[in-house]
Protein chains: 2
Amino acid sequence: MTLQITALEGIGEIQPGDDLGAIIVDAMEDPAAAGASGEAAECAGLPGGLQDGDILAVTSKIVSKAEDRFVSADDREQAITDETVRVVASRETPGGTVRIVENRLGIIAAAAGVDNSSVPVGTVLLLPVDPDASARRIVDAVRQRLGIRVGVVVTDTLGRPWRVGQTDAAIGIAGMQEVLDFRGTVDEFGQEMNVTVTAVADAIAAATDLVKGKAAGRPVAVVRGLAELVDREESSTPRSARALLRARDEDMFHTGAAESWAAGYAAALREHGIEP
Amino acid sequence: MTLQITALEGIGEIQPGDDLGAIIVDAMEDPAAAGASGEAAECAGLPGGLQDGDILAVTSKIVSKAEDRFVSADDREQAITDETVRVVASRETPGGTVRIVENRLGIIAAAAGVDNSSVPVGTVLLLPVDPDASARRIVDAVRQRLGIRVGVVVTDTLGRPWRVGQTDAAIGIAGMQEVLDFRGTVDEFGQEMNVTVTAVADAIAAATDLVKGKAAGRPVAVVRGLAELVDREESSTPRSARALLRARDEDMFHTGAAESWAAGYAAALREHGIEP
């Protein structure tokens with residue numbers, strides 16, 4: 001089984017109001033934009049253009065730009081506060097306060113996903129209002145223009161507990177499965193596999209970041225070879241990146257260790273009538 | 001820019017004592033084993049076999065099997081306890097107790113990484129003793145047999161806080177960069193990018209899981225197109241998956257919320273001379 005992941009070239013700086021579906025389809029139809037380059041494998045670019053069963057990974061940054069989610073950079077800390085539904089954890093570092101928060105979209109991330117890179121000086125960028133809907137619009141645009149069915153993930157760069165660095169994850173999903181559920185299937189020894197649910201949309205996001213890079217002008221990538229994940233018809237329940245969010249009562253890390261410790265300490269004082 | 005990710009076919013059930021480097025090189029040299037299949041893209045398989053700059057992703061399961069890390073299934077809970085350095089969090093579910101622990105390798109994961117799928121009935125599998133060394137042996141075997149330099153990640157399936165399901169991550173690394181550090185670089189607007197460190201080894205692990213699948217007999221995949229991540233000469237500091245582990249004092253989620261709350265509560269009682 002082979003996957004091919006190709007970053008599209010020729011997607012220029014996105015402006016508010018831009019039609020991303022149209023821009024992506026146009027970029028696919030231009031051979032120069034299809035990512036052909038000297039050192040690529042024999043299969044440079046995407047022969048034949050976009051196909052049924054392809055999956056597009058679109059960086060949330062360009063979705064936000066098209067949707068004019070810019071705010072003044074002076075308001076960055078205020079923007080983070082405004083986007084914050086709940087503070088999960090925070091700590092002071094030499095570089096400033098790191099705030100891990102749950103944002104409007106239910107995503108737990110540093111700085112509520114407010115983005116201050118690859119934007120004009122003096123601005124920051126908020127996350128899209130509804131990344132699932134943004135993904136849906138691109139699925140529909142491709143269907144209308146080319147008559148084919150693709151999946152779309154809107155991706156964002158997220159850090160994670162316990163491990164260094166970031167990987168990209170799916171914050172918006174349309175036209176494809178969010179996860180692959182192996183529970184109830186059996187392994188080659190006939191034993192039931194009882195835990196594995198693969199977050200395929202997140203794996204796809206992480207994979208496509210490897211070709212998109214950062215600050216390199218390649219915010220869209222095409223994944224070919226996972227057609228089995230793409231919806232052949234409208235799915236009965238709408239696809240959503242919220243399917244990848246863990247419910248609080250199943251999340252043993254819903255709040256940081258220091259914050260939880262402090263809350264337990266305060267509760268003990270309260271319950272025993274002790275002034276803090 | 002294009003990546004090609006191909007799962008190798010023809011890697012049979014691995015037995016204790018097997019030479020994984022030799023098995024992988026042999027599988028690459030057999031055209032039938034190179035993963036060619038009817039529905040693949042024009043570039044089925046890996047034309048020309050393994051090449052300089054390729055990256056191999058090897059499922060930890062086969063590394064453990066080759067290294068005879070089997071123990072009796074009766075001892076599964078005991079095996080988890082033995083592999084546990086520190087309990088990070090636990091909770092009761094209908095399916096049993098979920099234990100998130102820090103294991104010998106410093107990895108925080110459910111069940112300490114003890115594996116009870118795709119193993120003979122009556123056994124479970126521990127993680128490799130030293131996955132970095134296991135990766136190194138494969139790098140060296142390929143160099144010896146084929147005269148080329150590849151990178152190797154040993155991969156394992158890990159859950160994560162805040163998000164549903166699992167993705168694969170790198171638990172052993174050799175011959176390649178663990179991360180891509182963008183700090184100090186500038187974006188297209190000339191502003192310094194100050195946070196991004198991409199955990200490329202984890203992204204590669206997640207990506208290759210998309211072609212390997214579970215219980216499908218494809219425990220090795222080849223990533224072509226990321227040669228810039230592969231070491232052209234011995235790196236000055238040995239590569240290690242430990243580079244992807246967050247230090248405890250930089251990890252706001254080193255202990256679960258409930259456990260931390262209970263510790264804070266107990267500390268308050270203790271400090272105020274109250275019997276619990």
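Residues numbered from 1 in each chain as written. Chains lettered and ligands numbered in written order. Predicted model: local features only at pLDDT ≥ 70, side-chain atom pairs only at ≥ 80, totals over all residues. Heavy atoms only, no water.

As recorded by an unreviewed UniProt entry, chain A carries the name Coenzyme F420-0:L-glutamate ligase @ Coenzyme F420-1:L-glutamate ligase and is attributed to Brevibacterium yomogidense.

## Let's talk about the relation of the copies chain A and chain B
As a reminder of what qualifies: When the copies are superposed, the least-squares fit draws on C-alpha atoms of residues that have pLDDT of at least 70 in both. Residue contacts are defined here by distance: any two heavy atoms, one from each residue, within 4.5 Å place the two residues in contact.
With an axial shift of 0.0 Å and an RMSD of 0.0 Å, the rotation relating chain A to chain B amounts to 180 degrees. Put plainly, the chains are arranged around a two-fold axis. Interface overlap between copies: 100% of the residues of chain A at the interface are likewise at the interface in chain B, consistent with a symmetric, same-surface contact.

## Examining the environment of Gly17 of chain B
Let me state the cut-off plainly: To qualify as a helix, a DSSP run of H or I must reach at least 4 residues; to qualify as a strand, a run of E must reach at least 2; elements of each kind are numbered from the N terminus.
Looking at where Gly17 of chain B falls in the secondary structure, it is placed in the loop between strand 1 (2–7) and helix 1 (20–29). Residues Gly17 of chain B and Val230 of chain B, spaced 213 residues apart in sequence, show a C-alpha to C-alpha distance of 28 Å.

## Concerning the packing of helix 1 (residues 20–29) of chain A against helix 4 (residues 131–146) of chain A
Residue and element names in this part refer to chain A. The following threshold applies: Note on geometry: axes are lines fitted to C-alpha atoms, helical ones only across the stretch in contact, with angles between N-to-C directions running from 0 to 180 degrees. Reported orientations rely on four angle classes, namely roughly parallel under 35 degrees, roughly antiparallel over 145, roughly perpendicular from 65 to 115, and oblique for the rest. Crossings are assigned a handedness: left-handed for a near helix turned anticlockwise from the far helix by less than a right angle, right-handed for a clockwise turn. Under the convention adopted here, Pro, Cys and the residues Ala, Val, Leu, Ile, Met, Phe, Trp and Tyr are nonpolar, Asp, Glu, Lys and Arg are charged, and Gly plus all remaining residues are polar.
Where helix 1 contacts helix 4, the two axes come as close as 8 Å, and the packing angle between them is 50 degrees. The orientation of helix 1 with respect to helix 4, classified from their angle, is oblique. The two elements helix 1 and helix 4 meet at a crossing, and its hand is right-handed. Every residue of helix 4 that contacts helix 1 at Leu20, Gly21, Ala22, Ile24, Val25, Asp26 and Glu29 is listed here: Ile138, Ala141, Val142, Arg145 and Leu146. Residue composition of the contact of helix 1 with helix 4, by class: eight nonpolar, one polar and three charged.

## Brief notes about the pattern of salt bridges
The test is simple: A pair is scored as a salt bridge if a Lys or Arg side-chain nitrogen falls within 4 Å of a carboxyl oxygen belonging to Asp or Glu.
Enumeration according to the criterion identifies 36 salt bridges over all chains in this entry. Taking the shortest distance from any N to any O, the salt bridge between Glu13 of chain A and Lys65 of chain A comes out at 2.8 Å. On the criterion of sequence distance, the pair formed by Glu13 of chain A in the loop between strand 1 (2–7) and helix 1 and Lys65 of chain A in helix 2 (residues 60–66) is long-range, its members being 52 residues apart. Notably, a salt bridge pairs Asp54 of chain B with Arg224 of chain B, separated by 2.7 Å at the nearest N-O pair.

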